[in-house]
Amino acid sequence: MAVLPIITAPDPVLKKVASPVERVDDDVRRLMDDMMETMYAAPGIGLAAPQVGVGKRVVVLDVSKREGPPLALQMANPEIVWASDDDAIYEEGCLSLPEHYAEVTRPAAVKVRYLDREDEIRELSADGLLAICLQHEIDHLDGILFVDHISALKRNMILRKLLKEKKAGATSGDREPAGAVV
Ligand code: GNR
Ligand code: NI
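These remarks concern the structure in this document. Bear in mind the structure is a predicted one, so any value in this text is a computation, not a measurement.

### Considerations on the environment of Arg 29
Consideration 1: Considering the arrangement of structural elements, one finds Arg 29 in helix H1 (residues 26-41).
Consideration 2: Among the residues examined, Arg 29 registers a relative accessible area of 22% and is labelled partly exposed.
Consideration 3: Arg 29 has contacts with Val 24, Arg 117 and Glu 118, leaving out every residue within four places of it along the chain.

This is the structure we're talking about:
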């Protein structure tokens with residue numbers, strides 16, 4: 001298992017539509033394991049493969065936040081097959097938009113169909129934080145970030161700030177060059 005580097009916005013990788021997994025095999029299971037470790041290390045309550053630079057429709061989630069038993073979920077090709085008419089508002093964050101938060105409105109409950117670790121089709125009905133996180137992660141697979149659900153003014157403020165930080169970081173020499181083996 002490995003903790004993978006998380007890609008932050010703005011980055012074209014985060015805007016791409018990810019490809020479906022053909023079959024959940026050992027390679028996909030290894031990706032799921034690395035993503036779980038990366039999510040817990042961050043720490044975060046969810047992670048989508050594009051956030052670690054992999055253009056596959058794979059997500060992992062654990063919204064238990066270490067309160068009570070872990071609720072680890074690993075999904076390939078997740079799709080929303082039903083969404084409630086009523087909405088919920090939640091202040092969202094994203095590991096790819098570090099230290100930025102905004103209120104996002106989404107359906108309050110969803111039903112998701114996906115392939116599990118054993119390549120079996122499953123369905124999961126969720127509300128509360130799990131429903132929000134599922135929609136947030138599935139958005140990532142379609143190149144959508146939570147800032148795409150808020151006003152252009154707020155979105156551009158956040159993205160401009162992140163770009164500025166990226167440019168400052170790139171010249172200060174405090175980061176490893178891309179692809180470095182450390
Ligand atoms: O860790 C995360 N917290 C979070 C909080 C509110 C709504 C969504 C999330 S998901 C986020 C991790 C992440 O970026 N997943 O893509
Ligand atoms: Ni995110």
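After presenting the structure, the write-up continues.
### Considerations on the site of ligand 1
Consideration 1: Surveying the vicinity of ligand 1 reveals 13 residues, the closest of which are Ile 45, Gln 51, Leu 95, Glu 137 and His 140.
Consideration 2: Contact between ligand 1 and Leu 95: an oxygen atom at 2.8 Å from a main-chain N or O atom of the residue.
Consideration 3: Its free accessible area being 380 Å², ligand 1 has 90% of it covered by the protein chains.
Consideration 4: Class assignment for the residues of the shell around ligand 1 results in 4 nonpolar, 6 polar and 3 charged.

### Observations regarding the nonpolar core
Consideration 1: Ranked by internal contacts, the top residues of the largest apolar core, which has 18 residues, are Val 59, Leu 61, Leu 73, Met 75, Val 112, Leu 130 and Leu 134.
Consideration 2: Elements that contribute at least two residues to this core include exactly strand S2 (58-61), strand S3 (73-83), strand S6 (109-115) and helix H2 (128-141).
Consideration 3: With 7 residues, the top contributor of residues to this core is H2.
Consideration 4: Once residues lying within four places of it in the same chain are set aside, the contact partners of Met 75 are Met 32, Arg 57, Val 58, Val 59, Leu 61, Val 112, Tyr 114, Leu 115, Leu 124 and Leu 134.
Consideration 5: Val 21, Val 28, Met 36 and Val 52 belong to the second-largest nonpolar core, a separate cluster that totals 15 residues.

### Concerning the sheet that holds strand S1 (residues 46-48)
Consideration 1: Strand order across the open sheet formed by 5 strands is S1-S2-S3-S6-S7, with antiparallel pairing between neighbours. Across the chains shown, the open sheet's two edge strands, defined by having one partner strand only, are S1 and strand S7 (121-127). On average, each strand axis in the sheet is inclined to that of its neighbour by 40°, with strand direction left out of account.
Consideration 2: Pairing of S2 with S3, which is carried by 4 bridges, proceeds in the antiparallel orientation. Residue pairing across strands places Val 58 opposite Ala 76, the latter belonging to S3.
Consideration 3: H1 rests against S1, S2 and S3 of the sheet, and its axis sits at about 40° to S2.
Consideration 4: Helix-sheet contacts for H2 involve S1, S2, S3, S6 and S7, and the interaxial angle to S7 is about 125°.

Reading the values: the criteria
Residues numbered from 1 in each chain as written. Chains lettered and ligands numbered in written order. Predicted model: local features only at pLDDT ≥ 70, side-chain atom pairs only at ≥ 80, totals over all residues. Heavy atoms only, no water. Helix = DSSP H or I, 4+ residues; strand = E, 2+ residues; numbered from the N terminus. Buried < 20%, exposed > 50% of the residue type's maximum accessible area, 1.4 Å probe, protein only. Contact = heavy atoms within 4.5 Å. Near = heavy atom within 4 Å. Polar contact = N/O pair within 3.5 Å; in protein donor to acceptor, adjacent residues only side chain to side chain. Areas by Shrake-Rupley, 256 points an atom, 1.4 Å probe, with all protein chains shown as cover. Nonpolar A, V, L, I, M, F, W, Y, C, P; charged D, E, K, R; others polar. Core = buried A, V, L, I, M, F, W, Y, C linked by side-chain atoms within 4.5 Å. Pairing = 2+ DSSP bridges. Axes fitted to C-alpha atoms, helices over the stretch in contact; angles between N-to-C directions.

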